[in-house]
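Below, each chain spelled out in residue letters.
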Amino acid sequence: MAEKNDVVFVDGVRTPFGRAGEKGQYWNTRADDLVVKAMIGLLERNPQVPKDRIDDVAIAATTQQGDQGLTLGRTAAILAGLPKSVPGFAIDRMCAGAMTSVTTLGSGIAFGAYDLAIAGGVEHMGRHPMGFGADPNPRFLSEKMVAEDALNMGMTAERIHDRFPALTKERSDRFAMRSQHKLAAAYEAGRIQPDLVPVAIRSESGWGLATQDEGMRPETTLEGLATLKTPFRPHGRVTAGNSSPLTDGATASLLASSDVVKEFGLTPKMRMVSFAFAGVEPEIMGLGPVPSTEKALRKAGLGIDDIGLFELNEAFAIQVLSFLDHFGIDDEDPRVNTWGGAIAIGHPLAASGVRLMIQLAAQFAEHPEVRYGITAMCVGLGQGGTVIWENPTYDKRAARKG
């Protein structure tokens, strides 16, 4: 029986995220080429890792068809130049696809089945809109298993506003504005760029290079957000300004056991402490991270006060606010989404989980006084996912000073 191994997040990279649709920078780029580009960038950053020692590749996509189909983990591994001896597979847990890629392969490392693995995700929402081509079983509605609008993510966000009147549109707009401003400040300080893999792009004007996220709106103001239409219901509170935009992009991460980290002289960026997924009513999908975080904390023997940094996926501002209110965290707590979130960066569904991890890992390096951090996200059809990480640069003396 193999002993349980430590699971280490060695490195993570991503493509710049692009606006979905004909006007987006990736309109003429294949989805699989996006994730292949991210994987090549990851391997180039870690040349000391022998490619034939990678035990498995898991790549997530929500809409697995066309250039996001055909067992992405395997096809992307071959296209990225890995030996054909390296296997791969695809994962779908909607928005938590890449997160599930990490926890699945991480579980294999902990068990001793894997030493090295690549986990990531891709979503080309311009080519493959969420739910396109799906055929939900009619019993979902005829037997009232879920509400008719439960598959409309915007409506599930409106329902959270209904359930918690204290979570006002003004609070959502203010949170969204700060997300834009924090991302702009992070770019200005050069914090985001080191983990981006530039992508060659083609448009009517010729070839170019995608080097930054396309959804940034640093000029965002509360006054401007207040004027936006509410597309999901008349006089609603969820708008394009306080939601994540439809986005194209890909992420890739390198996971390893602590023994292999030593063998190849790698520098670990995070250690996986625990993870959990949980279900909630599909109609209030955005509340999913609350029970998944409680579950992950319980499994780790930790409390919410032990967490020094939070990377929460901003599918909708209201969704993050419901999490913060539940745990008694202020809307403007500096521990939360320090460099901005999906409202400004974008949310290419199955890719986003690793994007959260990339940002948490980079912040760990800047904060030796912080021992634990969380990546968490809501998931379509009423789920939540949470991973708790430990900072390998944690310094007790720095913590006492803090």
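Residues numbered from 1 in each chain as written. Predicted model: local features only at pLDDT ≥ 70, side-chain atom pairs only at ≥ 80, totals over all residues. Heavy atoms only, no water.

> Help me understand the overall build of the protein chain, please; the structure alone is not making it clear to me.
Counting its regular elements, the protein chain contains 13 helices and 12 strands. Seen through its C-alpha atoms, the protein chain measures out along the principal axes to roughly 60 × 55 × 50 Å. Split into buried and exposed, the 402 residues of the protein chain put 57% on the buried side. Just so you have it, the protein chain exposes about 16,600 Å², and 52% of that area is on carbon and sulfur atoms. Taking the 41 positively charged and 48 negatively charged side chains of the protein chain as two groups, their mean positions are separated by 2 Å. (Helix = DSSP H or I, 4+ residues; strand = E, 2+ residues; numbered from the N terminus. Buried < 20%, exposed > 50% of the residue type's maximum accessible area, 1.4 Å probe, protein only. Areas by Shrake-Rupley, 256 points an atom, 1.4 Å probe, with all protein chains shown as cover. Lys, Arg positive; Asp, Glu negative; His and termini not counted. Charge placed at Lys NZ, Arg CZ, Asp CG, Glu CD.)

> Help me understand the packing of aromatic side chains in this model?
To describe a pair of aromatic rings, one takes the distance between the centres and the angle between the planes. If you walk through the whole model with that rule in mind, you get four aromatic pairs. Judged by centre distance (4.8 Å) and plane angle (50°), the rings of Phe323 and Phe327 are tilted. Classification of Phe327 as buried rests on a relative accessible area of 15%. Ring pairs connect the aromatic residues Phe310, Phe323 and Phe327, which therefore count as one cluster. Sitting over the face of the ring of Phe17, Arg14 holds its NZ or CZ atom 4.5 Å from the ring centroid. Here Arg93 stacks its cationic end above the ring of Phe277, 3.7 Å away from the centre of that ring. (Phe/Tyr/Trp six-rings, centres within 6.5 Å; stacked < 30°, edge-to-face > 60°. Lys NZ or Arg CZ within 6 Å of the ring centre and 35° of its normal.)

> Mind showing me how you'd approach a nonpolar patch on the surface here?
Judged by side-chain polarity, Phe140, Leu141 and Met145 come together as a nonpolar surface patch covering roughly 270 Å² of accessible area. As for its placement among the helices and strands, Met145 is situated in the loop between helix H4 (139-142) and helix H5 (153-163). (Patch = residues over 30% accessible without salt bridge, like charges linked within 9 Å, V, L, I, M, F, W, Y side chains within 5 Å. Salt bridge = Lys/Arg side-chain N within 4 Å of Asp/Glu carboxyl O.)

> Looking at this structure, how should I read the side chain of His128?
Residue position: His128 is located in the loop between strand S5 (116-124) and H4. Engagement of the side chain of His128 in a polar contact is seen with the side chain of Asp67, the distance being 2.5 Å. Those residues within four positions of His128 in sequence are excluded, and the remaining contacts are Thr63, Gln65, Gly66, Asp67 and Gln68. (Polar contact = N/O pair within 3.5 Å; in protein donor to acceptor, adjacent residues only side chain to side chain. Contact = heavy atoms within 4.5 Å.)

> Got a minute to help me understand the pattern of salt bridges in this structure?
For the coordinates displayed, the defined rule picks out 24 salt bridges. A salt bridge links Arg191 to Glu366, with the shortest nitrogen-to-oxygen separation between them at 2.8 Å. Residue Arg191 is located in the loop between helix H6 (169-188) and strand S6 (199-203), and its partner Glu366 is located in helix H12 (residues 352-366); the two are separated by 175 residues in the primary sequence. What makes Glu366 partly exposed here is its relative accessible area of 36%. Counted as one network, the salt bridges with shared partners bring together Asp6, Arg271, Arg371 and Glu390.

> I'm lost on helix H1 (residues 31-45) in this one. Help?
One turn of an α-helix holds 3.6 residues; hence residues three or four places apart share an orientation. A rise of 1.5 Å per residue sets the reference length of H1, with its 15 residues, at 21 Å; its end C-alpha atoms lie 22 Å apart and thus fit the reference within 8%. Those residues of H1 lying buried are Ala31, Asp32, Leu34, Val35, Val36, Ala38, Met39, Gly41, Leu42 and Leu43. Those residues of H1 that are buried are in contact with strand S1 (7-14), strand S3 (56-60), helix H2 (72-79), S5, S6 and strand S8 (247-257). (Expected span 1.5 Å × (residues − 1).)

> What is the right way to look at the environment of Gly328 in this model?
Counting through the fold element by element, Gly328 comes out in the loop between helix H10 (317-326) and helix H11 (342-345). Sequence separation between Gly328 and Glu311 is 17 residues, and the spatial gap between their C-alpha atoms is 16 Å.

> Can you walk me through unusual backbone geometry in this structure?
Both trends apply: most residues other than glycine have a negative phi, and most peptide bonds are in trans. Despite not being glycine, Leu70 shows a phi value in the positive range, around 60°. As for its position among the elements, Leu70 is in the loop between S3 and H2. A residue is classified by how much of its surface remains accessible, and Leu70, at 71% relative accessible area, is exposed. The backbone of Met94 shows a phi angle near 50°, a positive value even though the residue is not glycine. Among the structural elements, Met94 can be located in the loop between strand S4 (88-91) and helix H3 (97-111).

> Please clarify how the pairing of S1 should be interpreted in this entry.
Two faces, one strand: in a regular strand the side chains alternate between the faces of the sheet. Among the eight residues in S1, eight count as buried, and that is most of the element. Looking at chain direction, S1 and strand S9 (residues 270-279) are connected through two bridges and run antiparallel. Counted as the bridge partner of Phe9 is Met270 from S9. (Pairing = 2+ DSSP bridges.)

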